[in-house]
Amino acid sequence: MKINFDEGYAFGLGLFETIHLYKNKALFLDEHLKRLNNSIETLGLNFSEITKREILSYLEKNRGLEENEVLKIILSEKNKIFLKQEYKYRKESYNDGFHLNLASIRRNESSIFTYHKTLNYAENIYEKKKSIKFGYDEALFLNTKGLVTEGATSNIFFVENDKLITPKLKNGLLGGIIRKWLIERYEVKEIEIPYDDIKYFDEGFLTNSLFGIMPIKSIENLTFRSRKKSDELFKEYRENIED
């Protein structure tokens with residue numbers, strides 16, 4: 001693979017998308033491309049847009065044998081890369097639920113780059129690896145004001161009296177594809193969530209484009225006893241992607 005050196009690889013001034021391939025179909029492809037092309041425009045990047053036809057052509061020529069795979073799109077000024085990767089989430093992870101710890105780094109809610117999926121992703125990877133090293137599954141980021149924002153590779157939701165709650169975008173998080181899907185389909189309250197308030201919620205779950213909906217078993221020393229709503233939503237999500 002030939003990579004041309006540019007600002008994307010020198011300074012992280014590039015973009016990427018991670019797409020779940022289910023039976024060689026790219027799930028939520030239109031939504032991923034809309035987010036990617038919106039970032040190109042918003043950040044004023046001199047990139048050529050990714051088209052749906054390019055993705056479908058690549059998938060047709062690179063059919064996989066596995067039911068679940070991952071498509072990585074990496075885009076910078078001089079590079080347009082499509083990569084197929086192994087799908088690593090297993091049923092056992094969902095059955096157990098994720099254990100989260102607090103990230104030591106705070107999300108900068110004032111930075112425009114917080115709200116776009118750029119190649120400057122070092123903070124996320126650093127905190128994710130540190131979490132796994134200490135026996136957790138995911139890191140939870142707070143912002144500079146101590147408000148809950150998102151996971152290293154996921155958005156976060158809570159449940160209170162069967163109602164869905166999630167942090168406001170402006171508090172410093174990336175607007176995820178599955179987050180948007182849930183907000184469009186269900187009544188979701190977007191609020192500011194101080195970290196100390198999570199003990200009042202009945203349950204919590206994470207979302208991202210690969211595992212869809214993942215129940216949270218614990219955050220640091222707090223354990224959620226319920227996962228009723230998470231299981232219900234996960235079932236509906238699976239039915240949706242089967243369709």
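Scope of this entry: the structure provided in the associated data block.

Calculation criteria
Residues numbered from 1 in each chain as written. Predicted model: local features only at pLDDT ≥ 70, side-chain atom pairs only at ≥ 80, totals over all residues. Heavy atoms only, no water. Helix = DSSP H or I, 4+ residues; strand = E, 2+ residues; numbered from the N terminus. Rg over C-alpha atoms; globule rule 2.2 N^0.38 Å. Buried < 20%, exposed > 50% of the residue type's maximum accessible area, 1.4 Å probe, protein only. Polar contact = N/O pair within 3.5 Å; in protein donor to acceptor, adjacent residues only side chain to side chain. Contact = heavy atoms within 4.5 Å. Core = buried A, V, L, I, M, F, W, Y, C linked by side-chain atoms within 4.5 Å. Patch = residues over 30% accessible without salt bridge, like charges linked within 9 Å, V, L, I, M, F, W, Y side chains within 5 Å. Areas by Shrake-Rupley, 256 points an atom, 1.4 Å probe, with all protein chains shown as cover. Salt bridge = Lys/Arg side-chain N within 4 Å of Asp/Glu carboxyl O. Pairing = 2+ DSSP bridges. Phe/Tyr/Trp six-rings, centres within 6.5 Å; stacked < 30°, edge-to-face > 60°. Lys NZ or Arg CZ within 6 Å of the ring centre and 35° of its normal. Axes fitted to C-alpha atoms, helices over the stretch in contact; angles between N-to-C directions. Arc of directions from axis to C-beta.

## Digging into the overall build of the chain
- When helices and strands are tallied, the chain shows 7 helices and 13 strands.
- Scaling as 2.2 N^0.38, a compact globule of 243 residues should have a C-alpha radius of gyration of about 18 Å, and the chain matches this with 18 Å.
- The principal-axis extents of the C-alpha atoms in the chain amount to approximately 50 × 40 × 35 Å.
- Across the 243 residues in the chain, those meeting the buried criterion constitute 50%.

## Section: the side chain of R107
- By secondary structure assignment, the location of R107 is in the loop between β5 (98-102) and α5 (122-133).
- Among the polar contacts made by the side chain of R107, one reaches the side chain of E150 at a distance of 2.8 Å.
- The contact partners of R107, leaving out residues within four places of it in the chain, are T114, E123, N124, F141, L142, N143, T144, T149, E150, G151 and G172.

## Comments concerning the nonpolar core
- Among the nonpolar cores identified, the biggest contains 35 residues, and I156, F158 and I219 are the most heavily contacted of them.
- When contributions to this core are tallied by element, the ones reaching two or more residues are β5, β6 (138-142), β8 (155-160), β9 (163-167), α6 (177-185), β11 (203-208), β12 (212-219) and α7 (228-242).
- Those residues in contact with I156 that lie beyond four places of it in its chain are L100, L140, V148, T149, E150, I165, T166, P167, F205, L206, I216 and I219.
- One finds A26, L36, I55 and Y58 within the second-largest nonpolar core, a separate group that totals 19 residues.

## Description of a nonpolar patch on the surface
- Where nonpolar side chains cluster on the molecular surface, the patch consists of M1, I3, F5 and Y9 and spans about 470 Å² of accessible area.
- Relative to the elements of secondary structure, F5 occurs in the segment before α1 (7-11).
- Looking at F5, the relative accessible area reads 62%, which means it is exposed.

## As for the pairing of strand β7 (residues 148-151)
- As paired elements, β6 and β7 share 3 bridges and run antiparallel to each other. Within β7, the residue paired with L142 across the bridge is V148.
- The antiparallel hairpin formed by β6 and β7 contains 5 residues in its connecting segment, where G146 sits at a positive phi of about 85°.

## Remarks on the packing of aromatic side chains
- The full count for this structure, using the stated rule, is 12 aromatic pairs.
- When the ring of F98 is compared with that of F211, the centres are 5.7 Å apart and the planes differ by 75°; the resulting orientation is edge-to-face. In this pair, F98 is assigned in strand β5 and F211 in the loop between β11 and β12, connecting sequence segments 113 residues apart.
- Here the aromatic rings of W181 and Y237 are separated by 5.7 Å at their centres, their planes lie at 80°, and the arrangement is edge-to-face. In this pair, W181 sits in helix α6 while Y237 sits in helix α7, placing the two residues 56 residues apart along the sequence.
- These aromatic residues form a ring-pair network of at least three members: F28, W181, Y186 and Y237.
- Between the NZ or CZ atom of R227 and the centre of the ring of Y94, over which it lies, the distance is 4.9 Å.
- Taking the ring centre of Y22 as reference, the NZ or CZ of R238 above it sits at 5.4 Å.

## Things to note about unusual backbone geometry
- In this structure, F28 is a non-glycine residue whose phi angle is positive, near 55°.
- Mapped onto the secondary structure, F28 falls in the loop between β2 (25-26) and α2 (29-42).
- A positive phi angle, near 55°, is found at E220, a position not held by glycine.
- When you line up the elements, E220 lands in the loop between β12 and β13 (222-223).
- Residue E220 is classed as partly exposed on the basis of its relative accessible area of 29%.

## Observations regarding the sheet that holds strand β4 (residues 79-86)
- Taken together, the 4 strands give an open sheet; going across it, the order is β2-β1-β3-β4, and neighbouring strands pair in antiparallel fashion. Each end of this open sheet is capped by a strand with a single partner; those strands are β2 and β4.
- When strand β1 (residues 15-22) meets strand β3 (residues 68-76), the two strands line up antiparallel, connected through 8 bridges. If you follow T18 over to β3, its bridge partner there is K72.
- Together, β1, β2, β3 and β4 form the strand contacts of helix α3 (residues 52-61), whose direction differs from that of β4 by roughly 45°.

## Some remarks on α3
- Every buried residue belonging to α3 is among I55, Y58 and L59, and all of these are buried. Within α3, the buried residues cover an arc of 95° as seen down the axis, which keeps them to one side. For α3, the exposed residues set more than 90 degrees away from the buried face come down to R53, E60 and K61.
- Taken together, the buried residues of α3 touch β1, β2, α2, β3 and β4.

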